[in-house]
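So the chains spell out like this:
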Amino acid sequence: DHGSEIAGIVFVDAGHEAVYSRPEVLTSYNKKIGALFRMLGRCAQIGVLRLFRVQLKKPPAELLTNDQRTILDKGRYPSRSFFVGADEFQSVETSGVTMAGTNTPGSLGNVPIAVITHGLNFPGGAGILETHWRSGQDQLTALSTNSVLIIAEKSYHDIPLTEPEVVLEAIKKVVIAAREHKQLASAA
């Protein structure tokens, strides 16, 4: 709706309707992950995670505020963060039904777009997303004639945590391309 106001976009392993609107994803994966997040939220509420000193993957310290670092170092996970995650999967499930069949997005013309995607296949039950993931990433890349697909070779979905330099470099290139009206391939 506001394409003229977009200077550039960096998608970081962004989910696409080609993946999330698939029936097997809507009925299986989203429900299971949502239920897992709700269970973790309940466990966090009553201190079970702290009791067992559950260690979730932590982002690099330099990306955290002092308050966030303190919370994670003490093994305290706000239950609301798990409930927010569960709500996110519920909304994906709900919107997936709405998105089904909308695989014909418009064009953003020559707006610089960097699409960063994972290089390592989703593990375990998340593997169901892998089937159409690359197709979705290709469709995001096709939104502009000035786009690039970047594969974060050493990452699963957690690219900002495992390869933050890939994200930062993509942002820099998109900003340069937008400011100097260049093609991404020539933006230094």
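Our subject is the structure listed above.
For the structure given in this document, a descriptive report is provided here. (Residues numbered from 1 in each chain as written. Predicted model: local features only at pLDDT ≥ 70, side-chain atom pairs only at ≥ 80, totals over all residues. Heavy atoms only, no water.)

## Some points on the environment of histidine 132
So, step 1. Its place among the elements puts histidine 132 in helix 6 (residues 130-141).
So, step 2. The exposure class of histidine 132 is partly exposed, given its relative accessible area of 24%.
So, step 3. In this structure, the C-alpha to C-alpha distance between histidine 132 and alanine 18, residues 114 residues apart in sequence, is 6.5 Å.
So, step 4. With sequence-adjacent residues up to four places away left out, histidine 132 is seen in contact with Ala18, Val19 and Arg22. (Helix = DSSP H or I, 4+ residues; strand = E, 2+ residues; numbered from the N terminus. Buried < 20%, exposed > 50% of the residue type's maximum accessible area, 1.4 Å probe, protein only. Contact = heavy atoms within 4.5 Å.)

## Brief notes about unusual backbone geometry
So, step 1. With a phi close to 45°, aspartate 13 is a non-glycine residue in the positive phi region.
So, step 2. Within the fold, aspartate 13 resides in the loop between strand 1 (9-12) and helix 1 (17-20).
So, step 3. Taking relative accessible area as the criterion, aspartate 13 reaches 1% and is therefore assigned buried.
So, step 4. Of note in this structure, histidine 181 is not a glycine but carries a positive phi near 50°.
So, step 5. For histidine 181, the position within the fold is in the segment after helix 8 (164-180).

## A look at the pattern of salt bridges
So, step 1. Applying the stated criterion across every chain yields a total of 3 salt bridges.
So, step 2. Note that aspartate 87 and arginine 38 form a salt bridge whose closest N and O atoms lie 2.9 Å from each other. Separated by 49 residues along the polypeptide, aspartate 87 in helix 5 (residues 79-99) and arginine 38 in helix 2 (residues 23-45) bring together distant segments of the chain. (Salt bridge = Lys/Arg side-chain N within 4 Å of Asp/Glu carboxyl O.)

## A short note on the side chain of threonine 117
So, step 1. Topologically, threonine 117 is positioned in strand 2 (residues 113-118).
So, step 2. Exposure remark for threonine 117: the relative accessible area of 3% places this residue in the buried category.
So, step 3. Looking at threonine 117, its side chain comes within polar contact range of the side chain of tryptophan 133, at 3.1 Å.
So, step 4. Discounting chain neighbours no more than four positions away, the residues touching threonine 117 are Asp13, Trp133, Gln137, Leu149, Ile150, Ile151, Ala152 and Ile159. (Polar contact = N/O pair within 3.5 Å; in protein donor to acceptor, adjacent residues only side chain to side chain.)

## Looking at the packing of aromatic side chains
So, step 1. Scanning the model with the defined rule gives 2 aromatic pairs in all.
So, step 2. Their ring planes at 50° and their centres at 6.5 Å tell us that phenylalanine 37 and phenylalanine 82 sit as a pair that is tilted. Of this pair, phenylalanine 37 sits in helix 2 while phenylalanine 82 sits in helix 5, and the two are 45 residues apart along the sequence.
So, step 3. Look at phenylalanine 82 and you get buried, because its relative accessible area is 7%.
So, step 4. Aromatic side chains phenylalanine 122 and tryptophan 133 sit 5.1 Å apart centroid to centroid with 85° between the ring planes, which places their arrangement in the edge-to-face category. With phenylalanine 122 in the loop between strand 2 and helix 6 and tryptophan 133 in helix 6, the pair connects residues that are 11 residues apart, well separated along the chain.
So, step 5. Judged by its relative accessible area of 10%, phenylalanine 122 falls in the buried class.
So, step 6. Looking at tryptophan 133, the relative accessible area reads 1%, which means it is buried. (Phe/Tyr/Trp six-rings, centres within 6.5 Å; stacked < 30°, edge-to-face > 60°.)

## Things to note about the sheet that holds strand 2
So, step 1. Judged by pairing direction, the sheet is parallel, and its 3 strands sit side by side in the order 1-2-3 without closing on themselves. Each edge of the open sheet carries a strand with a single partner, namely strand 1 and strand 3 (147-152). In this sheet, neighbouring strand axes are inclined to one another by 15° on average, regardless of whether the strands run parallel or antiparallel.
So, step 2. Helix 6 rests against strand 1, strand 2 and strand 3 of the sheet, and its axis sits at about 170° to strand 2.
So, step 3. Packed onto the sheet, helix 8 meets strand 1, strand 2 and strand 3 and runs at close to 165° relative to strand 2. (Pairing = 2+ DSSP bridges. Axes fitted to C-alpha atoms, helices over the stretch in contact; angles between N-to-C directions.)

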